[in-house]
Amino acid sequence: MTTFLNTNTLPFCKGCGHDLIARNTAKAVENLGIDILDIIAVTDIGCHGIIDKALNCHTVHGLHGRSSALGAGITIGLNDPSKKVLVFVGDGGATIGLQHIMEAARLNLNMTVIVHNNFLYGMTGGQSSGLTPTGFATTTSADGNPFTGYDLCAMVHAAGANYVSRIIGIGDISPTIQKALTIKGFSMVEVMEICPSYGVKLNPKRKFAEIVEASGKPLGEWTRDRLPFEFPKSRKTTDLFEKLAKVNIANTSKLNKPVSIVLSGSAGEGVQLAAGTLTKAALREGLEITQKGSYPVTVGVGFSTAEINLSPSEINFHGIDIPDYAVITSTDGLAHSRKRIEAMTSGILFIDKSLPIPNTGAKVEVVDFRSIGARDSSLYSIFVFAKLTNLVSVDSLVATIVDEGKADKLPLEKILKALESL
Amino acid sequence: MNIPDKSKNRIVDGSRIIIEAMARAGADAFIGYPITPANLLYSYSSQRMPIMLAAPDEITTLQWMSGLAVAGHIPVTATSFPGFALMIESINMAYMMELPMVIILVQRLGPATGTATCGAQGDLTLLRGMISGGHPLPVLCTSSYEDCWTLSAKAVEIAVKLRTPVILLTSKEEVMTQKSFDLTKLHKIEPIRQHYYNSDEPYKPYKPIELIPEFLPVGQKKHQVRLTASTHNQAGILMNTDEEAIANTVRLEEKVKKYLPEYTFYDYHTQSGAKNLVIAFGITAGAAKDAVAALNSMGIITDLLIPKTMIPTPEKYISIISKYQKAVVAEENINNQFSDMIFGTNKPSNHRFVAGIGKMITPQQIIKEVQS
């Protein structure tokens, strides 16, 4: 028994390198004099993972390949460099969880990963892993692995780790583990072993040292000196309700029933801004509103549509099947809303004069929305809409823009002048 | 007639209310990977949560969250089906380790990537079967902005109290729609305090009191903490299938079911003489409210049930549904998932369905089915 281990009898096959790693980790911990409950051991799935019941420190045993990510979460959560998050993972776990190791190295988290690389999946029957050397025989490559194993150390070092080392799992490896545990930032030790149950039996005539050399993966250590990641002890947070703009609300609206409006134009022509201005103006007048946008995932191209409901009472259902009003400012907008317009049997269609008028039961108002310039055509369209329908007043639209401090940024005067000539 | 005071109305989306509620309830970390339509939840969290980190994928998201929970935090994430699918194994891990956290699932049209910008209600069956062994994990579904506030806080509270992941189910149409709303109507949320084991006796991380084990984070120096996702005894030692270990796994299901009365939420609007019932949850509840109001104004007396606790399913829903000659279930899917979850293939003869995908169920569809 040691400070680190609660038993001398470890649960590994005779000759397994996992046993050596556990005992040398214990030695390193004792040499460093680390308080055992300052250590959080995170183990993976695989033969090495059954060590956790033999450990005296905190232990967390998760899913296959995810121990580095789980350990990263603990490191972030503790946010305390005096704690040692120690991750044990096999070559299989390192393969399936490669991204997790790379990410922890990229963030340079204060944690240590020890990779038990015995060149194959021991627990499931000796299959090849992503770290199996070329030519090494496994149960799934009896003639020798035809592929190259990852150079895990090179990759993790390149990702930003402060310390990476590859060693052979023979003799006293505690100095390397000890060094890794003292590193500030991310450290990883890849220990090359040979599985006595599968590796030795399937490669009977090969010496361990020759296998390591033939793998083409150099032994050694690679360092860098980056600041480790620590989350700020206190971070400025913002109450999400305090950020909401206050609106001067006066119950001036004469609207006595819900109305639905579809505003359709082109991306980059201010459709959503115009819709937001309209709904805020309606809010000022004491109306309830809903607003949602619809546009392609590539938000800078194609149609842009806003669906708006205005109502004197609470709006429960905010979908719009067939709108009461449609405001169409461009070819894209017409294409997107054409079916709805054709389904209208009443209401009003406001449509730019450059566009063909679809078959519709709605009253049609043709307006030269684009005369104001394509970029401002949607904003202009809601002013026209307000003036011709009186559902929301032009004054409320102006007040909304002024209150939001946008009077200088938007062509308000130009729009109001154009409106006069309607 | 009273004129409602609208002077305090603001324009707000469900995402903002959900994240603010969770933060006030004590959630202190958001880990996430962006996905439409959950992006507003992500961006608000970056302003609101004391810890906010961008994970490189959704598996990492859940693993980091689990690590944070192991260290004593209450983490939250938000995603939609494609991301949620990647999280499922790790949610099973957190369920087995008994780690508190909340996953906000914003439904969109599937299968697979489907249509990212179209709402849906197609993930309920998935949630009911997502824990290997068929064990339930708590799922609450919001159907109004008040729910976004109340149920979000409850989700955090249940996660901590029951030591379990909790799913908050919502939809694109709720978290991305801007709507006028009086925030001053919302009640005050008190932050949940995590209770830690504080005895001098050796700590057993899975020794239950009333089915729930006391929690202790790693890193403290008083007791060793052992957590594992494998079948384990009360000490947290992997134990294959011995009696104590199997009892521990059985307890996970019993725990979630035992406390169901404490997190059973639904709205039930009744009128005397009603022979019809409309049942709708989530984003279809708004259409159902309008439909029921219209039916009653037409003299077709109709009651309304809005389930909010989806999993485990409260027995109360069955007794309510059985009272009516006609029970119309409206869901934005084509396979009646809510009804399937309760009744399976043996649906009561009073059941009628309003189903559809690709657009919101309308009040008119519901009215038509009640009238038919």
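The shown structure was predicted, so the numbers you read here are calculated from the model rather than taken from an experiment.

Caption draft 1: Just the domain arrangement of chain B, in detail. Residue and element names in this part refer to chain B. In terms of domain boundaries, chain B breaks down into domain 1 (9–185) and domain 2 (267–371). One C-alpha centre belongs to domain 1, the other to domain 2, and the line joining them spans 25 Å. Between domain 1 and domain 2, the contact holds 25 residues from the first and 21 residues from the second. Roughly 1900 Å² is buried in total at the junction of domain 1 and domain 2, and carbon and sulfur atoms are behind 63% of that figure. The largest contributions to the domain 1 side of the interface with domain 2 come from Gln 121, Leu 124 and Ser 143, which together make up 37% of the buried area. In this structure, the connection of domain 1 to domain 2 is made through one salt bridge. Among the ionic pairs, Lys 308 bridges to Asp 147, the shortest N-O distance being 2.8 Å.

Caption draft 2: The arrangement of unusual backbone geometry in detail. Residue and element names in this part refer to chain B. The linkage connecting Gly 110 with the following residue, Pro 111, adopts the cis geometry, with an omega of -5°. Within the element layout of this structure, Pro 111 appears in the loop between β5 (101–109) and β6 (115–119). Ile 311 connects to Pro 312 through a cis peptide bond whose omega is -10°. As for its position among the elements, Pro 312 is in the loop between β16 (309–311) and α10 (316–321). The phi dihedral of Asn 240 is positive, around 55°, even though this residue is not glycine.

Caption draft 3: Main features of the pairing of β5 of chain B. Residues and elements named next belong to chain B. For β5, the buried fraction is high: nine of the nine residues fall into the buried class. Relative to β5, strand β4 (residues 75–79) runs parallel, the two being bridged by four bridges. Within β5, the residue paired with Ala 78 across the bridge is Ile 104. Bridge count for β5 against strand β8 (residues 165–171) is seven bridges, and the pairing is parallel. Note on β8: the bridge partner recorded for Leu 105 is Leu 169. When β5 meets β6, the two strands line up antiparallel, connected through two bridges. Across the sheet, the residue bridging to Arg 108 is Gly 119, located in β6. Taken together, β5 and the strand that follows it, β6, pair antiparallel across an intervening segment of five residues, in which Ala 112 is found at a positive phi of about 50°.

Caption draft 4: The pattern of salt bridges, seen in detail. Under the defined criterion, the tally for this structure stands at 36 salt bridges over all chains. For the salt bridge of Asp 267 of chain B with Lys 308 of chain B, the shortest nitrogen-to-oxygen distance reads 2.8 Å. A residue pair is termed long-range when its members are at least 10 positions apart, and Asp 267 of chain B in strand β13 (residues 266–269) and Lys 308 of chain B in the loop between β15 (302–307) and β16 qualify at 41 residues. Taking relative accessible area as the criterion, Asp 267 of chain B reaches 26% and is therefore assigned partly exposed. Residue class for Lys 308 of chain B comes out buried when judged on its relative accessible area of 6%. Where salt bridges share partners, they join Asp 35, Asp 38 and Lys 83 of chain A together with Lys 221 of chain B into one cluster.

Caption draft 5: The sheet that holds strand β17 (residues 326–331) of chain B, seen in detail. All names here are of chain B. Spatially, five strands are ordered β13-β15-β14-β17-β18 in an open sheet, and the strand pairing comes out mixed. Edge strands, defined here as strands with exactly one partner in the open sheet, are β13 and β18 (351–355). For this sheet, the mean angle separating the axes of adjacent strands, direction not counted, is 15°. Pairing of strand β14 (residues 276–280) with β15, which is carried by four bridges, proceeds in the parallel orientation. Bridge pairing links Asn 276 to Thr 302 in β15. The strands touched by helix α9 (residues 285–297) within the sheet are β14 and β15, with β15 carrying the most contacts at an inclination of about 170°.

Thresholds applied
Residues numbered from 1 in each chain as written. Chains lettered and ligands numbered in written order. Predicted model: local features only at pLDDT ≥ 70, side-chain atom pairs only at ≥ 80, totals over all residues. Heavy atoms only, no water. Domains from an automatic or database assignment. Contact = heavy atoms within 4.5 Å. Buried area = accessible area lost by both parts, 1.4 Å probe. Salt bridge = Lys/Arg side-chain N within 4 Å of Asp/Glu carboxyl O. Helix = DSSP H or I, 4+ residues; strand = E, 2+ residues; numbered from the N terminus. Buried < 20%, exposed > 50% of the residue type's maximum accessible area, 1.4 Å probe, protein only. Pairing = 2+ DSSP bridges. Axes fitted to C-alpha atoms, helices over the stretch in contact; angles between N-to-C directions.

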